[in-house]
Amino acid sequence: AKMGDSMVGRVALVDTNLHELVDSGVFQYPADRYQLGSLKEYVQPASIDLPVSGSIFLVKEKVIPFSRRVADLLPELVLEERSLKGTGSVLLRGQTYLVHFGRIHLPEGHSGSLSPKSSIGRIDLMIRGIVDECGLYDTVPGGRPADLWFEITPQSFNVRIKEGLPLTQLMVFRKDEGVTPVCATESQLVFDGFGQPIEPQMHDRRLILSLRVPDIPPTAVSDVSSPRRNADSFHTPPRSTSRKAAFNDGSAATVDGAAAAPAAAASLVSRESCDLVGYEAIATNEVLDLSKIGEHAAENFFRPVQTSVRGGRLTLEKDRFYILATKEFIAVPLGLSAEMVPFSHLVGELRAHYAGFFDPGFGYGRGGEVCGTIGVLEVRPHETITIYDGQPICMMEFFRNVAEPAVPYGFSGNNYAAQQGPKLAKYFAQ
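Conventions we followed
- Sequence order as written defines residue numbering, which begins from 1 separately in each chain.
- In keeping with the model being predicted, local features are shown solely for residues with a pLDDT of at least 70 and side-chain atom pairs are shown and tallied solely at 80 or more, while totals for entire chains, interfaces and linings include all residues.
- Computation of side-chain values covers all heavy atoms of the structure but excludes hydrogens and water.
- In this text, helices come from DSSP runs of H or I with a minimum length of four residues, and strands from runs of E with a minimum of two, each type numbered from the N-terminal end.
- A simple rule labels every residue: compare its accessible area, found with a 1.4 Å probe on the protein chains alone, to the largest value its type can have, and call it buried under 20%, exposed over 50%, or partly exposed in between.
- In this analysis, two residues are considered to be in contact whenever any of their non-hydrogen atoms come within 4.5 Å of each other.
- All accessible areas in this document rest on Shrake-Rupley with a 1.4 Å probe, and a residue is counted as covered only by the protein chains that are shown.
- Strands qualify as paired when DSSP identifies two bridges or more between them.
- Taking the helix axis as origin, the arc is that swept by the directions to the C-beta atoms.
- The term polar contact refers here to a pair of N or O atoms within 3.5 Å; inside protein, the definition further demands a hydrogen-donor-capable atom paired with an acceptor-capable atom, and it admits residues adjacent in sequence only when both atoms are side-chain atoms.
- Salt bridge, as applied in this entry: a Lys or Arg side-chain nitrogen positioned within 4 Å of an Asp or Glu carboxyl oxygen.
- Here, axes are lines fitted to C-alpha atoms. For helices the fit covers the stretch in contact, and angles between N-to-C directions go from 0 to 180 degrees.

K.L.:
Whenever I open this one, the overall build of the protein chain confuses me. Can you help?
P.N.:
Along its length, the protein chain carries four helices and 31 strands. Within the protein chain, the proportion of its 430 residues that are buried is 58%. For the protein chain, the proportion of contacts with a sequence separation of at least 24, taken over those separated by at least 6, is 84%. Accessible surface computed for the protein chain: about 16,300 Å², of which carbon and sulfur atoms make up 48%.

Structure follows, in structure tokens:
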């Protein structure tokens with residue numbers, strides 16, 4: 001079962017357990033690939049990043065090999081084969097590619113779930129895991145060895161990838177029939193902009209997450225109802241050193257942005273001084289090189305989106321890609337992890353998130369000193385829709401860990417641990 005189906009009867013492994021799995025030979029590569037020991041450097045608090053290597057295949061169509069092996073289907077699928085060694089390969093927008101990760105053999109009683117990494121979701125790079133003879137995306141069964149493949153589709157930009165770059169992450173679960181479901185009231189999971197606890201809004205044990213659309217001053221009112229896009233105002237939101245200058249209400253949340261220290265929690269986005277809603281991807285033939293961190297000009301790939309009417313509302317256009325922020329501040333205690341549910345018919349015809357895992361320590365710190373943090377949504381509407389400040393946009397599930405991680409989120413080199421508003425991927429100069 002996928003994580004989103006039910007977490008009853010399963011617990012998530014943490015970093016110490018994942019190191020043990022690597023040592024035990026769960027992940028196996030062909031001789032010319034990365035060595036097993038190198039995977040330890042990719043371990044996160046409750047997940048492990050999986051790097052690409054070897055060759056990449058341009059394919060003419062997508063396929064989920066139910067009762068079949070991907071390798072057996074390649075002759076009729078492949079249009080071109082390229083190497084990921086050296087400078088790697090450019091993947092073109094709108095095309096689909098397959099990469100063989102290697103063989104994975106989770107122990108009996110275990111299962112795995114895959115999700116794109118945060119930086120990958122923020123550039124609209126769709127990546128899904130395919131396991132031989134499984135028939136389900138992003139699902140790794142336990143008790144048998146199987147080859148794992150990545151299906152990669154750039155949706156907004158041409159990208160360059162090369163060997164060793166991690167694009168997706170794996171969470172591993174162990175059966176535990178005695179585990180009890182997480183109750184949203186057993187720990188403080190949601191805060192407002194002042195760091196004060198607020199009552200979580202729930203549906204079927206899932207936390208309802210809402211969108212932040214800041215209002216504009218009366219003097220800036222326009223009669224145009226579409227988003228205001230101004231390339232000259234390309235910036236990240238200003239920060240306030242006082243909690244009282246932050247959001248004054250809330251009703252939902254998202255992913256990717258845990259504060260690593262109390263100072264980060266105290267530096268929140270000022271609602272009064274920032275009308276930036278987020279960013280929208282623009283059409284471009286530029287290539288985004290994923291091996292170059294902080295070296296790309298953001299204005300070549302995105303434009304800022306700001307509201308242009310009173311009332312905190314925003315129109316999202318069909319098949320566009322947006323980077324938006326959440327309204328609530330979320331905390332994930334060390335004994336828990338979480339997943340953002342990417343689709344829900346209850347909130348509209350849109351995909352609200354690509355990178356859905358929340359590691360323990362997100363918005364929490366080591367001992368609860370961080371009173372929640374906002375997250376970033378990667379939104380792709382399937383129909384044009386107008387949404388309002390505080391409107392539900394997605395849902396999140398919490399589940400229990402085997403133990404607390406040795407290194408919580410925000411203390412393990414995370415790129416977005418202190419984000420304070422809509423934030424682009426690490427590849428852009430900011």
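So that's the structure; there's more coming.
K.L.:
Just checking my understanding: could you explain the sheet that holds strand 28 (residues 357-358) for this structure?
P.N.:
Backbone hydrogen bonds are what pair the strands of a sheet, in a parallel or an antiparallel way. Pairing within the open sheet is antiparallel, and its five strands lie in the order 15-16-31-26-28. Each end of this open sheet is capped by a strand with a single partner; those strands are strand 15 (202-203) and strand 28. Looking at chain direction, strand 26 (residues 336-341) and strand 28 are connected through two bridges and run antiparallel. Bridged to alanine 338 within strand 28 is phenylalanine 358.

K.L.:
I keep staring at helix 2 (residues 70-77) and nothing clicks. Help me out?
P.N.:
Turn by turn, an α-helix covers 3.6 residues, leaving residues three or four places apart pointing in a common direction. Taken as a whole, helix 2 has its buried residues at Val70, Leu73, Leu74 and Leu77. One side of helix 2 carries all its buried residues, which in axial view fall inside an arc of 130°. Opposite the buried face of helix 2, at more than 90 degrees from it, the exposed residues are Asp72, Pro75 and Glu76. Packing partners of the buried residues in helix 2 comprise strand 4 (55-59), strand 5 (78-83), strand 7 (96-104), strand 9 (125-131) and strand 11 (146-154).

K.L.:
What is the right way to look at the side chain of arginine 380 in this model?
P.N.:
Structurally, arginine 380 is set in strand 29 (residues 376-381). At 2.2 Å, the side chain of arginine 380 and the side chain of aspartate 124 are in polar contact. Engagement of the side chain of arginine 380 in a polar contact is seen with the side chain of serine 156, the distance being 3.5 Å.

K.L.:
How should the pattern of salt bridges be read in this particular structure?
P.N.:
Any two side chains of opposite charge can pair, given that their charged atoms come close. Under the defined criterion, the tally for this structure stands at 16 salt bridges. Taking the shortest distance from any N to any O, the salt bridge between aspartate 389 and lysine 327 comes out at 2.9 Å. On the criterion of sequence distance, the pair formed by aspartate 389 in the loop between strand 30 (385-388) and strand 31 (392-400) and lysine 327 in the loop between strand 24 (322-325) and strand 25 (329-330) is long-range, its members being 62 residues apart. Ionic contacts of the salt-bridge type, sharing partners, join the residues Arg69, Asp72, Arg103, Asp132 and Asp147 into one network.

K.L.:
Even after reading the chapter, I still don't get the sheet that holds strand 6 (residues 89-91), so can you show me in this structure?
P.N.:
Spatial strand order, 6-12-21: three strands in an open sheet with mixed pairing. A strand with exactly one partner marks an edge of an open sheet, and here the two such strands are strand 6 and strand 21 (287-289). Neighbour-to-neighbour, the strand axes of this sheet turn through a mean angle of 30°, independent of strand direction. Relative to strand 21, strand 12 (residues 158-161) runs parallel, the two sharing three bridges. Looking across to strand 21, one finds that valine 159 is bridged to leucine 288.

K.L.:
Before we go on, may I ask you to explain the pairing of strand 7 in this structure?
P.N.:
Residues in a regular strand point their side chains to alternate faces of the sheet. The element strand 7 is largely enclosed, with a buried count of eight among its nine residues. When strand 2 (residues 27-28) meets strand 7, the two strands line up antiparallel, connected through two bridges. By the bridge assignment for strand 7, glutamine 28 is matched with arginine 103. The sheet contact formed by strand 4 and strand 7 spans four bridges and is antiparallel. Opposite valine 59, over in strand 7, you have threonine 96 as the bridge partner. Where strand 7 lies against strand 11, seven bridges are found, and the strand directions are antiparallel. Paired with arginine 103 across the two strands is aspartate 147, which belongs to strand 11.

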